[in-house]
Amino acid sequence: MTVKKIKKRIKYRKFLLNLLLKFINPSNKLIVILSQNLDKYISTYQCHLYKIHKRNYKVKTFNKLAA
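The model shown is predicted, which means the values in this text are computed figures rather than measured ones. (Residues numbered from 1 in each chain as written. Predicted model: local features only at pLDDT ≥ 70, side-chain atom pairs only at ≥ 80, totals over all residues. Heavy atoms only, no water.)

Student: Can you lay out the overall build of the chain for me, pointing to particular residues and giving the numbers?
Tutor: Secondary structure summary: the chain contains two helices and zero strands in total. Taking all contacts inside the chain whose residues are at least 6 apart in sequence as the whole, residues at least 24 apart take part in 58%. If you sum the accessible surface of the chain, you get close to 5900 Å²; carbon and sulfur atoms cover 62% of it. (Helix = DSSP H or I, 4+ residues; strand = E, 2+ residues; numbered from the N terminus. Contact = heavy atoms within 4.5 Å. Areas by Shrake-Rupley, 256 points an atom, 1.4 Å probe, with all protein chains shown as cover.)

Student: How would you summarise the packing of aromatic side chains if you had to cite specific residues and measurements?
Tutor: The tally for this structure, following the rule as stated, stands at zero aromatic pairs. Cation over ring: Lys-40 sits above Tyr-41, and NZ or CZ is 5.0 Å from the ring centre. (Phe/Tyr/Trp six-rings, centres within 6.5 Å; stacked < 30°, edge-to-face > 60°. Lys NZ or Arg CZ within 6 Å of the ring centre and 35° of its normal.)

Student: Any chance you could break down the nonpolar core for me, citing the residues and the numbers?
Tutor: Grouped together as the largest cluster of nonpolar side chains are nine residues: Ile-6, Ile-10, Leu-17, Leu-20, Ile-31, Leu-34, Leu-38, Tyr-41 and Tyr-45. Of all the elements in the fold, those that place two or more residues in this core are helix H1 (3-23) and helix H2 (29-66). Considering each element in turn, this core owes the most residues, five residues, to H2. Contacts of Ile-6, omitting those with residues within four sequence positions, involve Met-1, Tyr-41, Thr-44, Tyr-45 and His-48. (Core = buried A, V, L, I, M, F, W, Y, C linked by side-chain atoms within 4.5 Å. Buried < 20%, exposed > 50% of the residue type's maximum accessible area, 1.4 Å probe, protein only.)

Student: Can you explain the side chain of Arg-13? Please cite residues and give values.
Tutor: Mapped onto the elements, Arg-13 comes out in helix H1. Despite its burial, Arg-13 pairs with no opposite charge, the nearest such side chain being Asp-39 at 11 Å. Aside from chain neighbours lying at most four places away, what touches Arg-13 is Leu-34, Asn-37, Leu-38 and Tyr-41. (Lys, Arg positive; Asp, Glu negative; His and termini not counted. Salt bridge = Lys/Arg side-chain N within 4 Å of Asp/Glu carboxyl O.)

Laid out in structure tokens, this is it:
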């Protein structure tokens, strides 16, 4: 899954969660499941961002050593 798709899914779930929290109790089973699902996508997104950062950092460090 690409970073762009994960970001869209996070936005959608976040919007849905905030909307449902206005009408449903936070301890409701649906809200808990949605929140856990949102957490899963956020952690996946953070892993992707870390991998991109790590890859870019290695290239910059290598360029500094070569110069």
